[in-house]
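# Working through the structure, step by step
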Amino acid sequence: MTTIEPSPTAVATLHVHHWPDPVIDQLGHDPRSWYAERFWLPVLGPTAMWLLRRFVDGLDTAPDGFCVDPDVWARSLGVKGGTGRHAPFSRTVLRLCQFGAATRHAQGLAVRRRLAPLAAHQLTRLPEELRVEHEHWRAAHEDHVATTDPARAGRLAEELVGLGLPRDTVAVHLRRLVGPTTADRVLADAWDLRDVLTA
């Protein structure tokens, strides 16, 4: 998919469809989940979060995509209508694009159905108490994946390697999910298995 500059322009209707990502689709968080509400909400803001949830609801019903009337959707979210560059709905779409939850291209708007775990630079946007809570969540999640069920981290690495992604890309996602020590170990094992299977 060719991404173009995410700058909303005036349109009568907006075609929305899924923006696929093999890693985020498998490992990310539903925008309607507790994680998204607790940690992504302060980053995206309430209007953008509600719009993303509405988009994902629509994609659940129409996986191949659907069209929306920006003016109607703006009013349904409690913001002023209009489709110009500086209209509230357009600014909200732009915010989703700026944070990687959507992207504009020739066919309209492509939307993530899942959100990645927050990156380090995004965590700085959270209040201190939420940063602490996120660290506790991350540690508990790592313990669950790597300690409670150590085989799960290995299976996860094998699935990601099996998608044909570059090793560095797999490493980044694994380290965010299970911590650097476990990620490096299981990725090395998964890569060795890949080499054996493809020899």
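These lines cover the structure that appears in this document, whether it is placed above or below. What you see is a predicted model; the values in this text were computed from it and never measured. Throughout, residues of each chain are indexed from 1 in the direction in which the sequence is written. In keeping with the model being predicted, local features are shown solely for residues with a pLDDT of at least 70 and side-chain atom pairs are shown and tallied solely at 80 or more, while totals for entire chains, interfaces and linings include all residues. Where side-chain values are given, they derive from all heavy atoms of the structure, hydrogens and water being excluded.

### Some remarks on the packing of aromatic side chains
Here is the rule: Only centres within 6.5 Å qualify two rings of Phe, Tyr or Trp (six-membered ring in Trp) as a pair; their planes then separate them into stacked at under 30 degrees, edge-to-face at over 60, and tilted for everything else. Secondary structure elements are defined from DSSP: runs of H or I of at least 4 residues count as helices, runs of E of at least 2 residues count as strands, and each element is numbered from the N terminus. Residue exposure (1.4 Å probe, protein chains only): buried if accessible area is under 20% of the type maximum, exposed if over 50%, otherwise partly exposed. Only when the NZ atom of a Lys or the CZ atom of an Arg is both within 6 Å of the ring centre and within 35 degrees of the ring normal do we say a charge sits over the ring.
Inspection of the entire model under this criterion finds five aromatic pairs. On the basis of an interplanar angle of 85° and a centroid distance of 5.4 Å, the ring pair of W34 and F39 is categorised as edge-to-face. Ring geometry for Y35 against F39: centres 5.1 Å apart, planes inclined by 65°, an arrangement best described as edge-to-face. Placement of the pair is Y35 and F39 together in helix 2 (residues 34-44), with a separation of four residues, close to one helical turn. F39 carries the same exposure label as Y35, and that label is buried. Just above the ring of W73 sits the side chain of R54; from NZ or CZ to the centre is 4.3 Å. Over the ring of W19 we find R112; its NZ or CZ atom is 3.6 Å from the centre of that ring.

### Section: the pattern of salt bridges
Let me state the cut-off plainly: One side-chain nitrogen of Lys or Arg within 4 Å of one carboxyl oxygen of Asp or Glu is enough to make a salt bridge.
Overall, the coordinates contain nine salt bridges when judged by the stated rule. Among the ionic pairs, R32 bridges to D57, the shortest N-O distance being 2.6 Å. Of this pair, R32 sits in the loop between helix 1 (24-27) and helix 2 while D57 sits in helix 3 (residues 46-61); the two residues are 25 residues apart in sequence, bridging distant segments of the chain. Of the residues examined, R32 reaches a relative accessible area of 31% and is grouped as partly exposed. In this structure D57 comes out as partly exposed when scored by relative accessible area, which is 36%.

### Considering the nonpolar core
Heads up, the rule is: Definition of nonpolar core: a set of buried residues of the types Ala, Val, Leu, Ile, Met, Phe, Trp, Tyr and Cys, connected through side-chain atoms within 4.5 Å. Any two residues whose heavy atoms approach within 4.5 Å are treated as being in contact.
Counting residues in each nonpolar core, the largest one holds 33 residues, and the members touching the most others are W40, L44, L52, F55, L96, L109 and V111. Elements with a minimum of two residues in this core: strand 1 (14-18), helix 2, helix 3, strand 2 (66-68), helix 4 (70-76), helix 5 (88-98), strand 4 (108-111) and helix 7 (128-148). Broken down by element, the residue count for this core peaks at seven residues, all from helix 3. The residues touching L109, leaving out its near neighbours within four places in the chain, are L14, H15, V16, H17, F55, V93, C97, A102, T103 and R104. Listed in part, the 18 residues of the second largest apolar core include L156, L165, A171 and L177.

Fair warning: the whole summary comes from geometry, so function is off the table for now.
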